[in-house]
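# Geometric and topological summary
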Amino acid sequence: MAPTIKAKTGRIENERTDAIIFARFQDDSRLQGALAQIDRLTRGRVKPLLTSGEFQGKANQVSVLHMHGEIPAKRVVLVGLGKKSLAKADAFRRAIATASKALRSMEATTFSIAVPERGVAGATLEETSQAITEGSILGLYQFLVYKSKPAIQKKPIRAITLVTPDENSIFAVRAGAERGTIVADAVNAVRDLCNHPSNVVTPTRLAQEAKAIAKSKNVTCTILDRAKARKLGMGAYLGVAQGSHEPPQFIVLEYSGTSKKTKPIALVGKAVTFDTGGISLKPADNMERMKADMTGGAIVLSTIRAIAQLKLPLNVVGIVPATENMPGGQATKPGDILTSLSGKTIEVLNTDAEGRLILADGLAYAMRYKPAMVIDIATLTGAVFVALGSHAVGVLGTDDALINRVTRVGEAIGERAWQLPLWDEYKEQIKSDVADVKNIGGRGGGTITAAAFLSHFVGDCSWVHLDIAGTDWGEAPRHYIPKGPTGIGTRLVIQLLRDVAAKP
Ligand code: BES
Ligand code: MN
Ligand code: ZN
C-alpha cells in the first residue's frame, strides 16, 4: 500500500511523528528556522553535525539524530540535496526518496517533511512539493505480491505529511502533493504491470485494466479482438500475434476533457506482453526481462488514468496493441510479407523486430482520428542503450518543436530525453527488394532505422517517438528508481500533456 500524503500548515518541530526530515544543500552550515529551534531545545545537538563536516549536504547523504523528548518527534533526519548551483527539483525527488527508504529500514511508519518556504532551483513551490511527494512514493515502491511471507517486509510507511510554516503557501503545497500522488501512483502502476510475469499480465489482463480505467469520468474503452483486427486489415499486428495462443487485444481508450471539436492527441504504446523474439528466437540470458516489453502500453494506460484524474482540458486517445511474440507452427517466418493496416507491405526479415510491426498498425489506426499530434512510446531497440545508456530516453520524430518540448520537459522533471537524427538517408536502409519496406535496417543506427520504419505510418502528422528500451530496467536501485522495471517515460508523457494543455 502506498502511503497517504497530506499537507498542513504548522511548525514542523511540533509534529508528533517517527521522524521529521530536512533537505539541505551542500556546504550550507547555517542554522535557521525550525532547525535552529531544535538546536536550542536539544542544547546544541544539531549544530555540530553541520559544522563538524559529518553532514555536508552531499546529494543523498543521510544523518539521523534521535530525540529524547525535547520535541514530540522521535528523530530528526537531515538529507543532502547536493550543490545548490547544480540542483533542480529532481534533487528533492532523489533526496526525499533516499530518506524515505532509510526511515523504512529503521521501521518508522510515519514522518513529516519540512517543505522549503519558496520554490527552489528554478521550480515553483508547487513543483517542489510535487517532487517531494513523488520522491517518497516512488522511492518507497516495492513489488512483494508473490512473496508468500509478508513478514519479510519491513513495516510499511503509512503516512507522510508535508509541513509548511506559511499559511499562504498551503494551497501550493497541497496542490503539489495531490498532483505528485497522482503522478507517482501512475508510475508505480506501470512498474507493477511490468513486474508481474507474462503468465499474469497477458493481453487479456491489459484489456481488463483498460476497462477498469474506463470507469473514470470521461473515459471510454474499445477492445478489438483477433477477428475484429483481421476484419480491419491489421496484418502487421496480427503477423506478430499469430504465433501465440494468448488472444491478442487491440486496446483503445478515449479521454474527452474538452470540446469535441478539439483535435485529439494520440498516444500509442507498444505492449508485447512477452517478447521471445519469435522464430528469430532471443538468447536465454535475461530473456525474462522481456516480460516488461509491454512498458509503453502500460504507460499509455496509466497516463489516461492520470490525465482523467488531473482533469486535463484535452482530448486524448490511447492506443495499445497488445500481443505476445512467440515462435510456433503458425508464427511469422523470416521472409514473410505482411500487409499492414495502412496498405503498405512489410517484409519481415527478423521476427524479433516485432515492436515496429505492431506500432505500424497502432500508428495507422491513430491516423483515423486526424490527431493534432501523435506520441508513441516503446521498448523498441537494444540499440538505444548502446547509444544513450540508461540515462536518457531516445527521441525522434517529424516535428522539431515537439521534440524540443519533450527534451525541455524531460530535463525539468528528471526524465531526460535526447534526440537522435531521422534523416532521409536512414530510410534507404529499410527499403525492401520485394515489399514496400523491410523491418530491419542493417547494423548501424538501429534506433534510427526503427524510427524510420515507423515514419512510414504517420504521414505528415506531427509525431514523436520515444524509445525507452535503455531506461526501462534498473540494474541496481538508486534514489527513486528501483532495480527492475523503472516506469521511466510515464512522468515524461504526463508532463508533456500538461505542458501542451497549458500552452497548446
Ligand atoms: N523488445 C526488444 C528491444 C529491447 C531490447 C527492449 C532490450 C529492452 C531491452 C525488441 O523487440 C527487439 O528485439 N529489438 C531488436 C531489433 C533488431 C532485431 C533489429 C533488437 O534491439 O535487438
Ligand atoms: Mn523483439
Ligand atoms: Zn520487443
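Cut-offs applied
Every chain is numbered independently, its residues counted from 1 as its sequence is written. All chains are assigned letters beginning at A, and all ligands numbers beginning at 1, according to the order in which they are written. Local features in this predicted model are restricted to residues of pLDDT 70 or higher, and side-chain atom pairs are both shown and tallied only at a pLDDT of 80 or more, whereas totals for entire chains, interfaces and linings draw on every residue. Side-chain calculation: all heavy atoms of the structure are included, whereas hydrogens and water are not. Axis lines are fitted to C-alpha atoms, over the contacting stretch for helices. Their N-to-C directions set the angle, which ranges from 0 to 180 degrees. Helix numbering and strand numbering both begin at the N terminus, where a helix is a DSSP run of H or I of at least 4 residues and a strand a DSSP run of E of at least 2. Between 65 and 115 degrees an angle is taken as roughly perpendicular, under 35 as roughly parallel, over 145 as roughly antiparallel, and anywhere else as oblique. Left-handed describes a crossing whose near helix is turned anticlockwise from the far helix by less than a right angle; the clockwise case is right-handed. Pairs of residues are marked as contacts when any of their non-hydrogen atoms sit within 4.5 Å. When residues are sorted by character, Ala, Val, Leu, Ile, Met, Phe, Trp, Tyr, Cys and Pro go into the nonpolar class, Asp, Glu, Lys and Arg into the charged class, and all the rest, Gly among them, into the polar class. Any residue with a heavy atom lying within 4 Å of a molecule or strand is counted as near it. Any pair of nitrogen or oxygen atoms within 3.5 Å is treated as a polar contact; in protein, a donor-acceptor pairing is required on top of that, and neighbouring residues in sequence qualify only through side-chain atoms on both sides. Computed with the Shrake-Rupley method and a 1.4 Å probe, the accessible areas treat only the protein chains shown as cover for residues. Only nitrogen, oxygen and sulfur atoms count as donors, using a 2.8 Å cut-off from the metal that widens to 3.2 Å for Na, K and Ca. Water is left out, so coordination shells may look unfilled. Any residue under 20% of the maximum accessible area for its type is buried, any over 50% is exposed, and the rest in between are partly exposed; the area is computed with a 1.4 Å probe on protein chains only. Reported domain spans reflect what an automatic or database domain assignment gives. When two parts are put together, the accessible area they lose, computed with a 1.4 Å probe and summed over both, is reported as buried area. A carboxyl oxygen of Asp or Glu within 4 Å of a side-chain nitrogen of Lys or Arg is what we treat as a salt bridge.

Take the packing of helix α10 (residues 355-367) against helix α14 (residues 446-455) next. Between α10 and α14, whose axes approach to 9 Å, the crossing angle comes to 30°. On the basis of the axis angle, α10 is roughly parallel to α14. Here the hand of the crossing between α10 and α14 comes out right-handed. Counting all contacts with α10, which are made through R356, L357, L359, A360 and L363, the residues of α14 involved are A450, F453 and L454. A per-class count over the contact of α10 with α14 returns seven nonpolar, no polar and one charged.

For the rest of this paragraph, the subject is the site of ligand 1. As a structural note, the neighbourhood of ligand 1 is formed by 15 residues, with K282, D293, D352, E354 and G382 the closest of them. Within the side chain of K282, an N or O atom sits 2.8 Å from an oxygen atom of ligand 1. Take T379: an N or O atom from its main chain is 3.4 Å from a nitrogen atom of ligand 1. Protein contact buries 73% of the 520 Å² of open area that ligand 1 shows by itself. Looking at the shell around ligand 1 residue by residue, the classes come out as four nonpolar, four polar and seven charged.

Protein ligation of the zinc ion (ligand 3) involves K270 (NZ), D275 (OD), D293 (OD) and E354 (OE), the donor distances falling in the range 2.0 to 2.4 Å. In the primary structure, the donors to the zinc ion (ligand 3) are separated according to the pattern K-x4-D-x17-D-x60-E. Separation of the zinc ion (ligand 3) from the manganese ion (ligand 2) amounts to 3.2 Å, with D275 serving as a shared donor to the pair. Here E354 lies in the loop between β13 (345-347) and α10 and D275 lies in strand β10 (residues 271-275), a separation of 79 residues in the sequence. Residue D275 is classed as buried on the basis of its relative accessible area of 3%.

Positive phi values are uncommon outside glycine, yet N60 reaches one of about 70°. The topology assignment puts N60 in the loop between α2 (47-51) and β3 (62-66). Under the relative-accessibility criterion, N60 is labelled partly exposed at 24%. Located in the positive-phi region is N286, a residue other than glycine, with phi close to 65°. Relative to the helices and strands, N286 is located in the loop between β10 and α9 (295-310). Under the relative-accessibility criterion, N286 is labelled partly exposed at 44%.

Now for the domain arrangement of the protein chain. What the domain assignment lists for the protein chain is domain 1 (4-169) and domain 2 (196-502). Taken together, the 16 residues of domain 1 in the interface contact 12 residues of domain 2. Summing both partners gives a buried area of about 1100 Å² for domain 1 against domain 2, and 55% of it is carried by carbon and sulfur. Of all residues in domain 1, R93, R94 and Y146 give up the largest surface area on contact with domain 2, accounting jointly for 33% of the area buried on that side. Between K88 and E411 there is a salt bridge; the shortest N-O distance is 3.4 Å. On the surface where domain 1 and domain 2 come into contact, there are five residue pairs in polar contact (both at pLDDT 80 or more). Contributing elements (two or more residues each) for the side of domain 1 that touches domain 2: α3 (89-105) and α4 (125-139). If you tally residues by element for the side of domain 1 that touches domain 2, the top one is α3, at six residues.

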